[in-house]
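# Chains, contacts and geometry: an overview
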Amino acid sequence: MYALNRYNWINTLISSIGYMVCIILQTLIGLGQMPDVFGDSFSINGILGIVAFSFVISIIIGSKGKHLKVAVIIQIINILFLSLSVIFRKLYTPLPSLILSCVSIIVCCTLSKYLKQLSENASTIDNLIYLDSLTGLLNKRGFMKELYVKSNQGKEFYLAMIDLNDFRRISDITNHSEGDRILKNIAQSWLKIPMDFTVSYFGGGTFALVSECKKYYIDNIISEMFNSIKFIDSEYNVLITLAVGISHYTQDTSDIDQLVTYADTAMIKSKEAGKNKVTYFDYDSYNLIKNRYNIERNVRDALVKNKFEILYQPQFSLLEHTVVGFESLLRLRDSNGNFINTQDFINIAENSGLIYEIDLWVIKNVLMQTSEYVKERPEVDISVNVSGKHITTPGFIDYIVRCLELANFNPNNLKIEITESSYIKDFEDAIKAIDKLKNIGVKIALDDFGTGYSSLSYLTRLPSDLLKIDKSFIDGIELDQSKCNFVDIIIKLGHIMNNKVIAEGVENTEQLTILSVLGCDYIQGYVWGKPMSFEEVKYIKEGQ
């Protein structure tokens, strides 16, 4: 801005000098003090008048109408000189310049008014483009422009991304107008902090801050921000907390877009750490979060392009040593063709809300793939894992029924393994949903029995056919008597509930022997069968 003002004044000064030179030349010609070597004086005065007019226009345009007074004053001076020549010396050669000067005053005033209006319109447009209409702060576009200006000037600075924790929930609990009022109050309270920084509102409860101060000063600014939101007035008495992530230009990166990404990932780590937390960027956390994003992207891509793979692990009768069923297991590969840890991508799918879509995908594809096989092997069940939180989701049970019909799959050969039963919020609705499946012949298994925090009284009310003992209880059972006793209790409880019991994760013959003695009905594990593709499943014949 300073450089632009300096340019305007230099332009005005040069144009004014040029204009005065023209006036002097016109006056000398009018007074007959210039030799007539350039031709007709009348024509020369006309040319000088046009040149002078050009200088005046340059003053007006260069200053965007701000130096109108300067332009008018020097033109009035010119008109006086030219008028004296016409009146007292009876000379008519200055007439073209005199007329042009009078006209130029009118033109300058009109042009100046237009340029000022144009400048005001440009300022209004800038406000619309670069300012947030709700808070009055810079918006994301304006803030990014500010960052690029600072980087081009070679300055070092800290960038902080600041998120209001659970702001969407707060806005829903109160109302959107109250949420807007909270945002306005927060913005105003931060603008009152007497420190050197620029704050912006990105939308969705996310703010950004930039400051050229030292680290300890940034910490003080953030501390003041924490303190200021404690006094934000809200009729709903909502608790507002922040998550702050900070990156440094140029210590972390010299790329502005990357700098924002780094601050954003640090903010995500703050959210995971709790309320009112501040995290400075570090590459280990960034790589961890980046890996999670890559996995989530792989999950989304797999849903769209059917890139998931389904493996099947056999389940055996411990008494007869025969295959009684297969559990379908979902697998996903990364871009290099390597398997992604199943628990990793399932956890990420749960956090991102994709797990429901995955459940639907698995049910449909497993039933379509194994339908013909179970017609040939009616004694074999196919197990599909379903999250407990989805059992009561409207339309979910109907979807399973439609998939059974579409695949022409015998419901008697389908076993739904309910995982995360602790997530079932309404057991009465869950019982109704499960009964609907059982009424058409579908079997129900409670997966990972013994883990989680569900009340045992609730679990015993679920109309199940099978209890599945979690692998964590089977690991080391041959070495730990307390585990052995606990598994014994689960098996007895299952039988009291008229359920069969299956142990998963069985890896050696010692575990097999113990489970057999305890009366476990079925086992699943590497000791007798690893997960396999469906092509391998088809080669397993009856009695094997």
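Predicted, not measured: the structure shown is a model, and the values here were computed from it.

Quick look at the overall build of the protein chain now. Along the protein chain, the regular secondary structure elements total 19 helices and 13 strands. Accessible surface computed for the protein chain: about 28,100 Å², of which carbon and sulfur atoms make up 56%.

This brings us to the sheet that holds strand 1 (residues 157-164). Strand order in the open sheet formed by five strands is 2-3-1-4-5, and the pairing between neighbours is mixed. Strands with a single pairing partner mark the edges of an open sheet, and in this sheet they are strand 2 (198-203) and strand 5 (277-280). When the angles between neighbouring strand axes are averaged without regard to direction, this sheet yields 20°. As judged from the eight bridges shared by strand 1 and strand 4 (residues 242-249), these two strands associate in the antiparallel manner. Directly across from Ala-160, in strand 4, lies its bridge partner Ile-246. Lying on the sheet, helix 5 (residues 140-152) is in contact with strand 1, strand 2, strand 3 (206-211) and strand 4; it crosses strand 2 at an angle near 140°. Relative to the sheet, helix 8 (residues 215-229) contacts strand 1, strand 2, strand 3, strand 4 and strand 5, its axis offset from that of strand 4 by approximately 160°.

In this structure the tally under the stated criterion is 19 aromatic pairs. One aromatic cluster is present, built from ring pairs that chain together Tyr-262, Phe-281, Tyr-283 and Tyr-286. The ring centre of Phe-339 lies 4.0 Å from the NZ or CZ of Arg-333, which sits over that ring.

It is worth spelling out the sheet that holds strand 12 (residues 500-504) at this point. What the eight strands build is a closed barrel, ordered 6-7-8-9-10-11-12-13; its pairing is mixed. Strand after strand, the sheet turns through a mean of 30° between neighbouring axes, direction not considered. Of the pairings in the sheet, the one linking strand 8 (residues 381-387) to strand 9 (residues 414-419) comprises six bridges and is parallel in character. Counterpart to Ser-387 in the pairing with strand 9 is Thr-419.

In the contact formed by helix 17 (residues 481-496) and helix 18 (residues 509-518), the axes pass within 10 Å of each other and the chain directions differ by 45°. Between helix 17 and helix 18, the angle is such that the two are oblique. The handedness of the crossing between helix 17 and helix 18 comes out as right-handed. In this structure, helix 17 contributes Cys-484, Val-487, Asp-488 and Ile-491 to the contact, and helix 18 contributes Ile-514, Leu-515 and Leu-518. Residues that form the contact of helix 17 with helix 18 fall into these classes: six nonpolar, no polar and one charged.

As a further point, take the nonpolar core. Grouped together as the largest cluster of nonpolar side chains are 81 residues, with contacts concentrated most on Phe-308 and Ile-416. When residues in this core are grouped by element, the largest group, ten residues, is from helix 12 (residues 355-376). Within the second largest apolar cluster, 28 residues are counted, among which are Leu-183, Tyr-201, Ile-221 and Leu-242.

Under the counting rule described, the total for this entry stands at 24 salt bridges. The partner of Asp-282 in a salt bridge is Lys-269, with the nearest N and O atoms 3.5 Å apart. Of the two residues, Asp-282 sits in the loop between strand 5 and helix 10 (283-305) while Lys-269 sits in helix 9 (residues 256-273), which places them 13 residues apart along the sequence. Look at the salt bridges and you will find they share partners, linking Glu-146, Lys-150, Lys-155 and Glu-212 into a network.

Conventions and cut-offs
Residues numbered from 1 in each chain as written. Predicted model: local features only at pLDDT ≥ 70, side-chain atom pairs only at ≥ 80, totals over all residues. Heavy atoms only, no water. Helix = DSSP H or I, 4+ residues; strand = E, 2+ residues; numbered from the N terminus. Areas by Shrake-Rupley, 256 points an atom, 1.4 Å probe, with all protein chains shown as cover. Pairing = 2+ DSSP bridges. Axes fitted to C-alpha atoms, helices over the stretch in contact; angles between N-to-C directions. Contact = heavy atoms within 4.5 Å. Phe/Tyr/Trp six-rings, centres within 6.5 Å; stacked < 30°, edge-to-face > 60°. Lys NZ or Arg CZ within 6 Å of the ring centre and 35° of its normal. Parallel < 35°, antiparallel > 145°, perpendicular 65-115°, else oblique. Left-handed = near helix turned anticlockwise from the far one by under 90°. Nonpolar A, V, L, I, M, F, W, Y, C, P; charged D, E, K, R; others polar. Core = buried A, V, L, I, M, F, W, Y, C linked by side-chain atoms within 4.5 Å. Buried < 20%, exposed > 50% of the residue type's maximum accessible area, 1.4 Å probe, protein only. Salt bridge = Lys/Arg side-chain N within 4 Å of Asp/Glu carboxyl O.

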